[in-house]
Amino acid sequence: MNPFTLHTGTGLPLGLENVDTDQILPARFLSLKPEDGYADYCFRDLRFDADGLPLTGTPLTSDAYAGATFLVAGSNFGCGSSREGAVYALQHIGLRVVIAESFGDIFYQNALVNGFLPIQTDGETIRQILTQLQAHPRTLIHVDLEAQTVSVDESVTFNFQIDTFKKHCLLNGVDEIGFTMSFLNDIRRYEADISPK
Amino acid sequence: MYSTTLFDKLWSRHAVKEHPVAGTLLYIDRHLAHEGSRNAFSLLRRRGLKVRRPDLTTAIVDHYAPTTSRDIAQVDVASRRQIIHELAANAEEAGIHLLDLAHPSQGIVHVIGPELGLTRPGMTIVCGDSHTATHGAMGALAFGIGASQVAHTLATQTLWQKKPKQMRIVVNGQLRPHVTAKDLTLAVVARLGAGGGTGYAIEYAGPAVEALSVEGRLTLCNMTIEAGARFGLIAPDQTTFDYLRDRAFDGDEETWQAQLNDWRTLRSDAGATFDTEFEIDAASLKPIITWGTSPEDGVGVDCVIPDPATIEDASRRNSKIAALAYMGLTPGTAIEDIRFDRVFIGSCTNGRIEDLRAAAQAIGGRKAVIPAMVVPGSMAVKAQAEREGLDRIFLDAGFEWRLSGCSMCAGMNGDLGRPGERCASTSNRNFVGRQGAGVRTHLMNPAMAATIAVTGHPVDISETQR
Ligand code: SF4
């Protein structure tokens, strides 16, 4: 995993609540390999109509938000299916951070292990960020993981919570499997204890 | 001695190591893999790691299984053929037991686990699938994980976890006739909201839960993730033990009794406390149907579609207005007046024998007026249904009788509706596009879906079919 420390970029004000992973990466693309890229399929049905023409009226297709690296959404972002491809797809369209009021549990875990930062904050802060980005699409957002702070322009700043272990892994690019391998003796001992005598 | 919950008991039995920062290293007794495990196997390969305990993983073809043939050559999309082939290749290379397309025990991972006795009380079970909480109905600690955690499980047979908060839902009284575990779970999801259970493990208890068959309990735990909770569980009891007697055991009576004595301890102690607890009156429930694009959008069949304009929060209001637009519905319309185009009966929520019996019974000699498809949750369910003559009832009524798999639940095998179609579905997700681009999915119980197949619209079967 690549370390995540600081990041500055523009934001995409998606809003919406209960954005499920079927919308982030529809099931019909899951038989395709992530190595070949999911950028064309991310939010496919929110970006394109049935004939493959771009939909208007959504920040996802608006030039104003091209190049955004932060996604801003409502509550329960990433609910539904456990597909980790949803995280890869968001990364493949250039995103590095999602700020939302709350997250689906499995998506949240999947994001963290892929160096993609999910930031949870309250509904009022989300509304302020959305308003700011709608009025000023090029607003710069800055996140400092070590300090656990986000600033949106100078107008909105806030602290966020993150699990200490996950933070350590992100900051240092720690691979969890490698970490667990150092406990192999404990695992062997446990297995010896539970196996039928 | 202080009181502990069922969840705590299962958790502490599997704690390999407590780490002050990383949390608890939980041992995983059973891992179930379907075609989606491909990403996890490639992660392992990239790191040059081996599967540590291939004997504790079972691989099953379900998501991409064609439901019209067991011949992989009949799968017309190359990427689907490929992902099925890769599961077989990965299983073979690692020495993992595989239930491939043609295997007589093939079925949806969450149906075959309990059915084959792979799922037992007291186990930890993971699968790269969000509906893994299904197995919690047997008194197991079962949860869904993503590809990286599947890779972690394959490499180490463990996972780092932090203990979730705990919730108990006590269902008092008894469900009325034709009100099922599906209606109960839809009621729970409606009450909690799609994110209301996030961060929790939910234990279901109370007389109405105890009265459920194993099949009903599996349905109840299955949709726990639709309220955001990764774990759903039910204390094992005589119903569970009777179900498992011939499935999970081939030893002598003495060993079985010893096993039972242990399993009987798997329940929350009388004084155990929960972070959140609430009660539901089972008798107050009607058959439930969803109207929107989140499983939380369930209302009784005798209700009307609610008006989102009254929702205060703008983000939530806009989401519900968008949902109604997608669904092509207007507030105030009676649920019973909604006209349907298609019916799907199946999935890991409602593809078990009891579900098919209820659907067949609801047909009542009538004929399908819209396309309807029945997809058994496993080949064993299919065989059982055929022994009982249910296939004849479905076929005579003009329903399609398919081979087992996930099918139209997520449509990954190509079983999809057409844009704009309204589908009565016994599955678990009514997300936008889940059953095909533009398809409008309404979730409900199997008897309701079968009723819609023969009438074209919902009927309050709890009133008409006493
Ligand atoms: S039936 Fe549906 S929800 Fe269940 S495992 Fe298959 S795709 Fe997932």
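Heads up: these notes are all about the structure in this document. (Residues numbered from 1 in each chain as written. Chains lettered and ligands numbered in written order. Predicted model: local features only at pLDDT ≥ 70, side-chain atom pairs only at ≥ 80, totals over all residues. Heavy atoms only, no water.)

1. Concerning the nonpolar core
- With 136 residues, the main nonpolar core has Phe 43, Phe 77, Leu 90, Phe 107 and Leu 117 of chain A together with Ile 169 of chain B as its most contacted residues.
- With seven residues, helix α6 (residues 181-192) of chain B is the single largest residue contributor to this core.
- Those residues within four positions of Phe 43 of chain A in sequence are excluded, and the remaining contacts are Leu 14, Val 19, Gln 23, Ile 24, Leu 60, Leu 71, Phe 77, Leu 90 and Ile 93 of chain A.
- The next biggest cluster of nonpolar side chains, apart from the first, holds 44 residues, and it includes Ile 108, Ile 370, Val 374 and Ala 424 of chain B. (Core = buried A, V, L, I, M, F, W, Y, C linked by side-chain atoms within 4.5 Å. Buried < 20%, exposed > 50% of the residue type's maximum accessible area, 1.4 Å probe, protein only. Helix = DSSP H or I, 4+ residues; strand = E, 2+ residues; numbered from the N terminus. Contact = heavy atoms within 4.5 Å.)

2. Overview of the interface of chain B and chain A
- Listed by partner, the interface residues are 59 residues for chain B and 45 residues for chain A.
- Interface area for chain B against chain A, summed over the two sides, is near 4300 Å², with a carbon-plus-sulfur share of 56%.
- Area buried by chain B at its contact with chain A is led by Arg 52, Trp 160 and Phe 431 of chain B, which between them contribute 11% of it.
- Scanning the region where chain B abuts chain A turns up 26 residue pairs in polar contact (both at pLDDT 80 or more).
- For the side of chain B that touches chain A, the secondary structure elements donating two or more residues are β1 (15-19), β2 (23-27), α2 (38-47), α3 (78-94), α5 (147-156), β8 (158-161) and α11 (314-327) of chain B.
- Residue contributions to the side of chain B that touches chain A peak at six residues, all from α5 of chain B.
- Of the residues belonging to the side of chain B that touches chain A, the class tally is 20 nonpolar, 21 polar and 18 charged. (Buried area = accessible area lost by both parts, 1.4 Å probe. Polar contact = N/O pair within 3.5 Å; in protein donor to acceptor, adjacent residues only side chain to side chain. Nonpolar A, V, L, I, M, F, W, Y, C, P; charged D, E, K, R; others polar.)

3. What to know about the site of the ligand
Residue and element names in this part refer to chain B.
- Lining the immediate surroundings of the ligand are His 63, Ile 108, His 110, Asp 129, His 131, Ser 347, Cys 348, Cys 406, Cys 409, Ala 410, Asn 428 and Arg 434.
- When atom positions are compared with the pocket grids, the ligand is found to occupy the largest cavity.
- Residue composition of the shell around the ligand, grouped by class: five nonpolar, five polar and two charged. (Near = heavy atom within 4 Å. 1 Å grid on protein atoms, 1.4 Å probe; cavity = no way out; pocket = protein on both sides within 12 Å on 5 of 7 lines; lining within 4 Å. Sits in = over half its atoms within 2 Å of the grid points.)

4. Concerning empty space enclosed by the protein
- Counted by the stated rule, this structure contains five cavities of 30 Å³ or more.
- When its volume is computed, the largest cavity comes out at roughly 530 Å³.
- Looking at the lining of the largest cavity, the elements that each hand over two or more residues are β3 (30-33), α2, α4 (109-115), α5 and α12 (347-350) of chain B.
- Of the residues forming the lining of the largest cavity, the biggest block, three residues, is contributed by β3 of chain B.
- Grouping the constituent residues of the lining of the largest cavity by class yields 18 nonpolar, 16 polar and eight charged.
- Volume-wise, the second largest cavity comes out at about 150 Å³.
- Around the second largest cavity, the lining is made up of 15 residues, and of these Pro 26, Ala 27, Arg 28 and Asp 45 of chain A together with Gly 433 of chain B lie nearest the centre.
- Taken together, the elements giving at least two residues each to the lining of the second largest cavity come down to α1 (21-24) and α2 (44-47) of chain A.
- Here the residues of the lining of the second largest cavity sort into seven nonpolar, four polar and four charged. (Points joined across faces, edges and corners; volume = space filled by probe spheres on them.)

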